[in-house]
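Architecture at a glance
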Amino acid sequence: MNKLTDEELQKMLEEGLNQPMDDHEDLMVYSQLFNELKKEPNEGLRMGLSSRVAARLELKQDLQLSLKNYLIGFVAVVAFMAIAGLVALVFTKSQDGSSTLQLFDRYKWYGLLSAVLLMAFHYIDQRIKLSKFKV
Amino acid sequence: MFDEQAVIASILKGNLQAFKLLVNQYEKLVFFVISRLVREEQDREDICQEVFIKVHKNLHTFKQESKLSTWIARIAYLTAINFVRQNKKYQQRDYPDDPDKYHFTTEDPEELLIKKNTAAYVNYLIGKMPEQYRVLLTLYHLNEFSYQEIENITGMPEGTVKNYLFRARKLLKERLQVYLKYNEQ
């Protein structure tokens, strides 16, 4: 029998045609190699990967939910400031409307900045929690 | 039995228990791909978690044109490759740019010690090969993907996949042949 090339031997084993040819050393070695390559490694992951991944996902979902809540809070603060300004304007117009508006105008950026900083603080806090999360 | 369609539909409705089933079903597949590229245990665990979080995030984009296992394996492969590229400790300096020019170096003391067990020896040899060879051997033999599926996972043309796989196995066979003769003595 003609000696088979490496290519032919590999193709033969890929197709599952492992005919016994005791005199064909290369085939025997390839056959053993293919068996070894199919074996699962002894090492593996710790038990409970699915629970760890689910816990991370829950934390991520909580973060998204809290971000949504912060955004609603921010909009509420801005809306409250706008309404408070309008109310102040309507009720104090006859008395000292101009000074109330000036006061509002002077502090509006502090109010907005405080709301933005509070949101940023919570956002960064949640991101750090998520990145350091290990189960 | 794992009903892929039902599990996907359930996950998309927000069922985390269904997602846990999916993780249990595919964690070996993901681990095999990652463990051939990443050596350290903690890194492997982190990447496995990252892969499944990506799977969860992008599951709505999965079109049933390919198998779910192929889609997940692609995410695992790309995540592990990106991780290796970004981490200096995993960067390969001793390998030729073209894997076809790779040859095993002479035996080192570690190799002599490990030669007592055939499976361990084969794994040791695979660990020394270029990453393309390592990944292809795993995807084909351990994960049992077809050439076409491996092309979809890695983005390598089918011809390249066949060529690399042939060469990797030939190199392993040559070393195994010497090993078997050595053990016969």
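Placed above this text is the structure.
We now turn to the structure provided with this report.

Calculation notes
Residues numbered from 1 in each chain as written. Chains lettered and ligands numbered in written order. Predicted model: local features only at pLDDT ≥ 70, side-chain atom pairs only at ≥ 80, totals over all residues. Heavy atoms only, no water. Buried < 20%, exposed > 50% of the residue type's maximum accessible area, 1.4 Å probe, protein only. Helix = DSSP H or I, 4+ residues; strand = E, 2+ residues; numbered from the N terminus. Arc of directions from axis to C-beta. Contact = heavy atoms within 4.5 Å. Phe/Tyr/Trp six-rings, centres within 6.5 Å; stacked < 30°, edge-to-face > 60°. Lys NZ or Arg CZ within 6 Å of the ring centre and 35° of its normal. Buried area = accessible area lost by both parts, 1.4 Å probe. Salt bridge = Lys/Arg side-chain N within 4 Å of Asp/Glu carboxyl O. Polar contact = N/O pair within 3.5 Å; in protein donor to acceptor, adjacent residues only side chain to side chain. Nonpolar A, V, L, I, M, F, W, Y, C, P; charged D, E, K, R; others polar. Patch = residues over 30% accessible without salt bridge, like charges linked within 9 Å, V, L, I, M, F, W, Y side chains within 5 Å. Areas by Shrake-Rupley, 256 points an atom, 1.4 Å probe, with all protein chains shown as cover. Axes fitted to C-alpha atoms, helices over the stretch in contact; angles between N-to-C directions. Parallel < 35°, antiparallel > 145°, perpendicular 65-115°, else oblique.

1. Concerning helix H1 (residues 6-14) of chain A
Where H1 of chain A is concerned, the buried positions are Asp6, Leu9, Gln10, Met12 and Leu13 of chain A. Within H1 of chain A, the buried residues cover an arc of 160° as seen down the axis, which keeps them to one side. Buried-residue contacts for H1 of chain A involve helix H2 (25-38) of chain A together with helix H9 (158-184) of chain B. One or two positions beyond H1 of chain A, positive phi appears at Gly16 of chain A, with a value near 75°.

2. A few points about unusual backbone geometry
Residue and element names in this part refer to chain B. Although it is not a glycine, Glu144 sits at a positive phi angle of roughly 55°. Relative to the assigned elements, Glu144 resides in the loop between helix H7 (131-142) and helix H8 (147-154). Taking relative accessible area as the criterion, Glu144 reaches 59% and is therefore assigned exposed.

3. A look at the packing of aromatic side chains
All names here are of chain B. Under the defined criterion, the tally for this structure stands at five aromatic pairs over all chains. Between Phe62 and Trp71, the ring centres sit 5.2 Å apart and the planes meet at 50°, which makes this aromatic pair tilted. Just as Phe62 is buried, Trp71 falls in that class too. The positively charged end of Arg169 is found above the aromatic ring belonging to Tyr140, 5.5 Å away from the centroid.

4. Overview of the interface of chain A and chain B
Each side of the interface is counted separately: chain A has 33 residues, and chain B has 37 residues. By the criterion of area lost to chain B, the three top residues of chain A are Leu37, Leu45 and Leu57 of chain A, representing 17% of everything that side buries. The interface formed by chain A and chain B holds eight salt bridges in total. In this structure, the salt-bridge partner of Glu45 of chain B is Arg46 of chain A, at a minimum N-O distance of 3.9 Å. Applying the counting rule to chain A against chain B returns twelve residue pairs in polar contact (both at pLDDT 80 or more). Broken down by secondary-structure element, the contributors of at least two residues to the side of chain A that touches chain B are H1, H2 and helix H3 (49-131) of chain A. Ranked by residues supplied to the side of chain A that touches chain B, first place goes to H3 of chain A with eleven residues. Class assignment for the residues of the side of chain A that touches chain B results in eleven nonpolar, six polar and 16 charged.

5. Here we look at a nonpolar patch on the surface
Residue and element names in this part refer to chain A. A surface patch of nonpolar side chains, amounting to about 420 Å² of accessible area, comprises Ile83, Val87, Val90 and Phe91. Mapped onto the secondary structure, Val90 falls in helix H3. Val90 gets classed as exposed once you look at its relative accessible area, which sits at 59%.

6. Points about the packing of H1 of chain A against H9 of chain B
Interaxial distance between H1 of chain A and H9 of chain B falls to 11 Å at its minimum, and their mutual angle equals 105°. By the criterion of interaxial angle, the relationship of H1 of chain A to H9 of chain B is roughly perpendicular. Residues Asp6, Glu7, Gln10 and Glu14 of chain A of H1 of chain A form the contact with H9 of chain B, whose participating residues are Leu165, Phe166, Arg169, Lys170 and Lys173 of chain B. Of the residues assigned to the contact of H1 of chain A with H9 of chain B, the class counts are two nonpolar, one polar and six charged.

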